[in-house]
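Remarks on the overall topology
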Amino acid sequence: MRGGLVASARLLPRPLVRWFLQRRAQQDINENMSGGKKVKIIFVLGGPGSGKGTQCSNIVEHFGFIHLSAGELLRAEINSGSENGTMIDTIIKEGKIVPSEITIKLLQEAIIKGGNDKYIIDGFPRNEENRVVFESVINISPEFVLFFDCSEEEMERRLLGRNQGRSDDNIETIRKRLKVFVESSLPVIEYYESKGMVKKIDATKPAPEVFEDVKAIFTHMA
Ligand SMILES: Nc1ncnc2c1ncn2[C@@H]1O[C@H](COP(=O)(O)OP(=O)(O)OP(=O)(O)O)[C@@H](O)[C@H]1O
Ligand SMILES: Nc1ccn([C@H]2C[C@H](O)[C@@H](COP(=O)(O)O)O2)c(=O)n1
Ligand SMILES: [Mg+2]
């Protein structure tokens, strides 16, 4: 059936094909409802090194969410040797943001594969383009946005000490990522703030204290 669709797609204009594929992915996600429950998404935002990944692991352990990190999906794509891998690798080393089409496709696939009704999406949306394209393609509004607020000085200190072999954890790329966060990601947080959807956490504190604040939010939500 899908082979037949691919063959007929060659005869159609590209925007129509893209629209059709997006609709089908949306349906796939909606059909992916677990036990008849609507798929719930929470965006986890904050600067590089603010502790998003650390706290997402705690949330998974205590509250049964699936953790999707946009950065990790992109790194896996590089390591898979895909045709986009070299381009993604170059963009990440420059501290820039990968085109939304690529990241959203990876998120879409992970949501469909996840088979759960609760996802925390870490490090996404990173800019206005990410936000707008996600809205139009996935068409699920986040329950809320968890924002880890941390000083630049502390984020830089943490990243320099992370020691996980990441190609972007060097002082030159870290400074570029911090700049991109202020210029491109903060406006997205402000957008959600204007809609009353942001839950801000003081992320400069030690990790166990940060998790106490996170726990309070998720306990009230359950
Ligand atoms: N509250 C905290 N206090 C001190 N160190 C922390 C805290 N939270 C996380 N760390 C450490 O800081 C480093 C960065 O944390 P983490 O990887 O969770 O950040 P991140 O926001 O996911 O960063 P990135 O956007 O680069 O992926 C890690 O080495 C982690 O162990
Ligand atoms: N929405 C996203 C998320 C991540 N990236 C790229 C650029 C980031 O610097 C890098 C690492 O992400 P992290 O692990 O720090 O969340 O991945 C992107 O382009 N778009
Ligand atoms: Mg991370």
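Residues numbered from 1 in each chain as written. Chains lettered and ligands numbered in written order. Predicted model: local features only at pLDDT ≥ 70, side-chain atom pairs only at ≥ 80, totals over all residues. Heavy atoms only, no water.

Time to look at the site of ligand 1. As a matter of local geometry, ligand 1 sits amid 17 residues, with K52, T54, R162, R177 and K205 nearest to it. Between ligand 1 and the protein, one listed contact pairs a nitrogen atom with a side-chain N or O atom of R158 at 3.3 Å. Protein coverage of the free-state accessible area of ligand 1, which is 630 Å², stands at 78%. Of all the secondary structure elements, the ones that give two or more residues to the shell around ligand 1 are α3 (52-63) and α8 (152-160). At three residues, α3 tops the list of elements feeding residues into the shell around ligand 1. Residues that form the shell around ligand 1 fall into these classes: five nonpolar, six polar and six charged. (Near = heavy atom within 4 Å. Polar contact = N/O pair within 3.5 Å; in protein donor to acceptor, adjacent residues only side chain to side chain. Areas by Shrake-Rupley, 256 points an atom, 1.4 Å probe, with all protein chains shown as cover. Helix = DSSP H or I, 4+ residues; strand = E, 2+ residues; numbered from the N terminus. Nonpolar A, V, L, I, M, F, W, Y, C, P; charged D, E, K, R; others polar.)

Attention now goes to the environment of K113. Residue placement: K113 occurs in helix α6 (residues 100-114). C-alpha of K113 to C-alpha of D169: the two residues are 56 residues apart in sequence and 30 Å apart in space.

On to the packing of α6 against helix α7 (residues 128-137). Running from amino to carboxyl end, α6 crosses α7 at an angle of 50 degrees, the nearest separation of the two axes being 10 Å. One element, α6, and the other, α7, form an angle in the oblique class. The chirality of how α6 crosses α7 is right-handed. Note on element contacts: α7 touches α6 through E129, N130, V133, F134 and V137, opposite S100, I104 and Q108. (Axes fitted to C-alpha atoms, helices over the stretch in contact; angles between N-to-C directions. Parallel < 35°, antiparallel > 145°, perpendicular 65-115°, else oblique. Left-handed = near helix turned anticlockwise from the far one by under 90°. Contact = heavy atoms within 4.5 Å.)

Attention now goes to α6. Over its 15 residues, α6 extends 20 Å from the first C-alpha to the last, a length consistent with the 21 Å expected when each residue adds 1.5 Å. Along α6, the residues that are buried comprise S100, I102, T103, I104, L106, L107, Q108, A110 and I111. G115 lies just past α6 and shows a positive phi near 60 degrees. (Expected span 1.5 Å × (residues − 1). Buried < 20%, exposed > 50% of the residue type's maximum accessible area, 1.4 Å probe, protein only.)

Moving on: the pattern of salt bridges. Tallied over the full model, the rule gives 18 salt bridges. Its salt-bridge partner being D168, residue R166 comes within 3.0 Å of it at the nearest N-O pair. Taking the relative accessible area as the measure of exposure, D168 reaches 5% and is therefore buried. With its nearest N and O atoms 3.7 Å apart, the salt bridge here joins K176 to E172. (Salt bridge = Lys/Arg side-chain N within 4 Å of Asp/Glu carboxyl O.)

Grouped burial of nonpolar side chains is what soluble globular proteins tend to show. Counting 25 residues, the largest nonpolar core has I41, F43, Y119, I121, F124, F134 and Y192 as the members making the most contacts within it. Contributions of two or more residues to this core are made by β1 (40-46), α6, β3 (118-122), α7, β4 (145-149) and α9 (171-194). (Core = buried A, V, L, I, M, F, W, Y, C linked by side-chain atoms within 4.5 Å.)

Now for α8. Given 3.6 residues to a turn, an α-helix orients residues that are three or four positions apart in the same direction. The complete set of buried residues in α8 reads E154, M155, E156 and L159. Where the residues of α8 are buried, they touch α9.

By convention here, two paired aromatic rings are described through the distance between centres and the angle between planes. The final tally for this structure, using the stated rule, is eight aromatic pairs. Aromatic side chains F43 and Y192 sit 6.1 Å apart centroid to centroid with 55 degrees between the ring planes, which places their arrangement in the tilted category. Here Y192 lies in helix α9 and F43 lies in strand β1, a separation of 149 residues in the sequence. Accessibility classification places F43 together with Y192 in one group, the buried group. (Phe/Tyr/Trp six-rings, centres within 6.5 Å; stacked < 30°, edge-to-face > 60°.)

Under the local residue numbering, the UniProt record ascribes the feature "binding site: a ribonucleoside 5'-phosphate" (unreviewed entry) to R75, K96, I97, V98, G123, F124, P125, R126, R166 and R177. Along the polypeptide, P125 turns up in the loop between β3 and α7. For P125, a relative accessible area of 1% puts it in the buried group. Here R177 is to be found in helix α9. Judged by relative accessible area, R177 falls into the buried class, the value being 9%. A polar side-chain atom of R177 sits 3.0 Å from a polar atom in the side chain of D169. (UniProt positions renumbered as here; feature names shortened; annotations may be inferred.)

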